[in-house]
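Chain and residue survey
Read off the chains here:
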Amino acid sequence: MATEHDTAASPVKGGAAPGRPPAGAPAEAAKKRARLSRRWQRDMRWSPYAFVSPFFLLFIAFGLFPLIYTGWASLHQVELTAPTDMSWVGLKNYTRIFDDDFFWNAAKNTLTIGIISTVPQLLMAMGLAHILNYKLRASTFWRVVMLAPYATSIAAASLVFVLLFGRDYGMINWVLGFVGIDNIDWQNDHWASQLAVSSIVIWRWTGYNALIYLAAMQAIPQDLYESAALDGASRWRQFIHVTLPSLRPTILFTVIVSTIGASQVFGEPLLFDATKGASGGSQHQFQTLGLYLYEQGWVNQHLGRASAIAWTMFLILIVIGIVNSVISRRLRASS
């Protein structure tokens, strides 16, 4: 009796067996896997560069090129009315600004405003951060309040401070009148105007630095405070002997950043001036290097001289960076 297997048709001679892949299929699959592997390797190699390329393209267009072009313009006599007409003068723009008394006045004002604004700002920021580091009710609210001045527009803040420091109707003079102090001309007096401008900087940046200190304080291990408390250290001694040594890198960072920011102060003194000019007061009493650069470039229309001022400020920042590096190394070596 014939079975099912006996009646099955035998494969045709010379043909392929049913379900068996073609003879060239393994080779094609291997080639496809090789192509995918090479594509994956190229993707892994070049994708990171593609992801970061927008930053470098924008930096080259809006950072590196203006920097190089400004350096080239500083060696030429260029006027705002004809920016494409350049005549080579070499280092004359640099020697000219160094011989200008207004440049040294602006540099001195920048230094004094920087000191007056940076030192109280960082001390107040440290104290506020120390208070916020303890458990407070609505701590998130107070941290947002600390950051609110930083988020406020420079123009709005400066105009409000102009009203506060008004000579005849300002609130500051009104309060000082209760203690017998006569009205102070905050905009025309030399030291009073610098104190007023510095107060705007202090108001804007104290909360920002306080949050930086707060983040660093929260990273300090609690074991150190517990050990100090067991040894009988008060909160003040814990702050001096535990908090401050642990915050040395952060303090150095905020000092350098605040110093760089102070050397570039522009909006506050510009808007504090009653005439809204770049002279920094009637006697240039609070004209900073930023205002001096703006005055030379956009008021006096000397782009070559303004470029030399910009590069001088850039070199000052490089010196600050070198000093920062040296101090950081010595602190790391001592610790």
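In what follows, the accompanying structure is described. Just so it is clear, the model here is predicted, and its values are computed rather than measured.

Attention now goes to the overall build of the protein chain. In terms of helices and strands, the protein chain carries 14 helices and two strands. For 335 residues, the compact-globule formula gives about 20 Å, and the C-alpha radius of gyration of the protein chain, at 33 Å, lies well above that figure. Taken over 335 residues, the protein chain has a buried fraction of 32%. Summing over all exposed atoms, the protein chain offers an accessible surface of approximately 21,600 Å²; the carbon and sulfur share of this is 66%. Positive and negative side-chain charges of the protein chain, numbering 26 and 19 respectively, have mean locations separated by a distance of 15 Å.

It is worth spelling out a positive patch on the surface at this point. Positive charge collects at one region of the surface, where Lys31, Lys32, Arg35, Arg38, Arg39 and Arg42 lie side by side. Its relative accessible area of 47% is what places Arg42 among the partly exposed residues.

The next thing to look at is the pairing of strand β2 (residues 82–88). The pairing of strand β1 (residues 76–79) with β2 spans three bridges and is antiparallel. Within β2, the position partnered with His76 by the bridge is Trp88. Between the antiparallel neighbours β1 and β2 lie two residues.

What follows deals with the side chain of Ser193. With respect to the helices, strands and loops of the structure, Ser193 is situated in helix α8 (residues 190–218). At 2.8 Å, the side chain of Ser193 forms a polar contact with the backbone oxygen of His190. When sequence neighbours within four positions are dropped, the list of residues in contact with Ser193 reads Trp186, Gln187, Phe272, Gln285 and Phe286.

Along the chain, the position of Trp142 falls in helix α5 (residues 139–151). Sequence-wise, Trp142 and Trp174 are 32 residues apart; in three dimensions their C-alpha atoms are separated by 29 Å. Other than its neighbours up to four places away in sequence, Trp142 contacts Leu132 and Arg137.

Criteria and thresholds
- Residues numbered from 1 in each chain as written.
- Predicted model: local features only at pLDDT ≥ 70, side-chain atom pairs only at ≥ 80, totals over all residues.
- Heavy atoms only, no water.
- Helix = DSSP H or I, 4+ residues; strand = E, 2+ residues; numbered from the N terminus.
- Rg over C-alpha atoms; globule rule 2.2 N^0.38 Å.
- Buried < 20%, exposed > 50% of the residue type's maximum accessible area, 1.4 Å probe, protein only.
- Areas by Shrake-Rupley, 256 points an atom, 1.4 Å probe, with all protein chains shown as cover.
- Lys, Arg positive; Asp, Glu negative; His and termini not counted.
- Charge placed at Lys NZ, Arg CZ, Asp CG, Glu CD.
- Patch = residues over 30% accessible without salt bridge, like charges linked within 9 Å, V, L, I, M, F, W, Y side chains within 5 Å.
- Salt bridge = Lys/Arg side-chain N within 4 Å of Asp/Glu carboxyl O.
- Pairing = 2+ DSSP bridges.
- Polar contact = N/O pair within 3.5 Å; in protein donor to acceptor, adjacent residues only side chain to side chain.
- Contact = heavy atoms within 4.5 Å.

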